[in-house]
Amino acid sequence: MISLKQMINNYLTYCKEHKKLSGKSTKAYAIDLEQFRRQVTTETMPVKTDISAYIAYLHKMYKPRTVKRKIASIRAFMNFLDFEEIIADNPMKKIKTKFQEPQVLPRTISLSTIESILTVVYQEMKKAQTAYAFSSALRNIAIIELLFATGIRVSELCSLNIENIDLHNGNIRIMGKGKKERILQLGNQEVISVLRRYTEENVVHMNKSECFFVNRLSSRISEQSVRFLIKRLCAKVNIAQKITPHMFRHSFATLLLEEDVDIRYIQHMLGHSSIVTTQIYTKVAMEKQRQILTDKHPRNRISAKM
């Protein structure tokens, strides 16, 4: 009988070679399924009671969002075994896995904070005393500007190649989740100018790897490097709020919504397959509206009371 470990290996191969999932997605499946295999302590196909006990364990150990992802990994694995007729009965079909996940509103960055981050990174470019320092500062400006200008995911930003950027027409072609492609217009001339200047300064290094954002070794810049950059810039201007690259994406969507941009346009720009995913930003906008009407309404300055 084929072991559970071999079943998992077969599934990961299927994810990589047939579903063409990214290395990051395949690795996430591998981690979740290896944890599952070790926890159920069986080398054969787990039964319903094993899986139910494991799900109960997940609820005790992890936050709801993590539990939801780990359950999804198991379900996808079981569906694969069922489809390939490796198992005669899919135990996940008999287990209730739906639960109410508390909704957490996206954390955003204020426009003034974004301005502070941009100001400090532009200052670094102006103060650069070597060609390398200037080139690095220019790249850092391009990264921050593009995060805010497009709402791009950090993984999408780091995977950009030279061919994805069309500065003549002001377009950027983004390969999103599930290999779904979307094209965005770069509407701000300052952003286009920065990207053009960055390209001119780094074209030799970029051509070596065909990557758009490169490090000192002319290799593709890592997501961790972008996170470290933002952390360093925030520390430099004493921003106490913990800011991540993804918060630029949240801010991009929320600020556009506050400017009355149709949510379906925002959905396309973010690359969301469902409008439901985008609608969470309407709640952020409503929270902002509530705060404004509570704190800023001129009625607060009128003393008349019952």
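Our subject is the structure listed above.
Bear in mind that the values here come from a model prediction, so they are computed numbers and not experimental data. (Residues numbered from 1 in each chain as written. Predicted model: local features only at pLDDT ≥ 70, side-chain atom pairs only at ≥ 80, totals over all residues. Heavy atoms only, no water.)

**Observations concerning the packing of helix 1 (residues 4-17) against helix 4 (residues 64-83)**
The packing of two helices is summarised by the inter-axis angle and the distance between the axes.
In step 1: The interhelical angle for the contact between helix 1 and helix 4, taken along N-to-C directions, is 95°, at an axis separation of 10 Å. It follows that helix 1 is roughly perpendicular to helix 4 by the angle criterion. Across from L4, M7, I8, N10, Y11 and Y14 in helix 1, the residues of helix 4 making contact are A76, F77, F80 and L81.
In step 2: When its residues are assigned to classes, the contact of helix 1 with helix 4 shows nine nonpolar, one polar and no charged. (Axes fitted to C-alpha atoms, helices over the stretch in contact; angles between N-to-C directions. Helix = DSSP H or I, 4+ residues; strand = E, 2+ residues; numbered from the N terminus. Parallel < 35°, antiparallel > 145°, perpendicular 65-115°, else oblique. Contact = heavy atoms within 4.5 Å. Nonpolar A, V, L, I, M, F, W, Y, C, P; charged D, E, K, R; others polar.)

**Looking at the pairing of strand 2 (residues 171-175)**
In step 1: The sheet contact formed by strand 1 (residues 165-166) and strand 2 spans two bridges and is antiparallel. Looking at strand 2, one finds that D166 is bridged to N171.
In step 2: Taken together, the five bridges between strand 2 and strand 3 (residues 181-185) define a ladder with antiparallel strand orientation. From the neighbouring strand, I174 faces strand 3, where its bridge partner is R182. (Pairing = 2+ DSSP bridges.)

**So, the nonpolar core**
In step 1: Residues L157, I172, F213, V226, I243 and F248 are the most contacted members of the largest nonpolar core, which totals 58 residues.
In step 2: No other element matches the nine residues that helix 6 (residues 131-150) contributes to this core.
In step 3: Residue contacts for L157: discarding those within four places in its chain leaves I143, L146, L147, I152, F213 and V226.
In step 4: Of all hydrophobic cores here, the second largest spans 25 residues; its members include F36, Y54, I71 and I87. (Core = buried A, V, L, I, M, F, W, Y, C linked by side-chain atoms within 4.5 Å. Buried < 20%, exposed > 50% of the residue type's maximum accessible area, 1.4 Å probe, protein only.)

**Examining the side chain of S251**
In step 1: Mapped onto the elements of the fold, S251 is located in helix 10 (residues 245-258).
In step 2: Contacts of S251, omitting those with residues within four sequence positions, involve T108, I109 and I114.

**Observations regarding the pairing of strand 3**
In step 1: Residues R182 and L184 point to one face of strand 3 and are all buried, whereas E181, I183 and Q185, pointing to the other face, are not buried.
In step 2: Hairpin remark: strand 2 followed by strand 3, antiparallel, with five residues in the connecting loop; positive phi at G178, about 65°.

**Re helix 9 (residues 223-236)**
In step 1: When the terminal C-alpha atoms of helix 9 are compared, their 20 Å separation across 14 residues agrees well with the 20 Å that a helix rising 1.5 Å per residue should span.
In step 2: Those residues of helix 9 not exposed but buried are E223, V226, L229, I230, L233 and C234. All buried residues of helix 9 fall inside an arc of 125° around its axis, so they share one side. When the buried face of helix 9 is taken as reference, the exposed residues oriented beyond 90 degrees from it are Q224, F228, K231 and A235.
In step 3: Among the structural elements, helix 2 (23-40), helix 5 (111-127), helix 6, helix 7 (154-158) and helix 10 are those in contact with the buried residues of helix 9.
In step 4: Backbone geometry just downstream of helix 9 places N238 in the positive-phi region, at approximately 55°. (Expected span 1.5 Å × (residues − 1). Arc of directions from axis to C-beta.)

**Structural notes on helix 6**
In step 1: Here helix 6 is 20 residues long and its end C-alpha atoms lie 28 Å apart, about the 28 Å a rise of 1.5 Å per residue gives.
In step 2: Most of helix 6 is tucked away: 15 of the 20 residues are buried.
In step 3: Just downstream of helix 6, G151 is the residue with a positive phi angle, here 70°.

**Focus: the layout of surface pockets**
Empty pockets left among the atoms are what a rolling probe the size of a water molecule brings to light.
In step 1: As a volume, the second largest pocket reaches approximately 430 Å³.
In step 2: Lining of the second largest pocket is provided by 18 residues; of these, F148, A149, T150, N188 and F252 occupy positions nearest its centre.
In step 3: Counting residues per element, the ones that place at least two in the lining of the second largest pocket are helix 5, helix 6, strand 3 and helix 10.
In step 4: The greatest single-element share of the lining of the second largest pocket, amounting to four residues, is contributed by helix 6. (1 Å grid on protein atoms, 1.4 Å probe; cavity = no way out; pocket = protein on both sides within 12 Å on 5 of 7 lines; lining within 4 Å. Points joined across faces, edges and corners; volume = space filled by probe spheres on them.)

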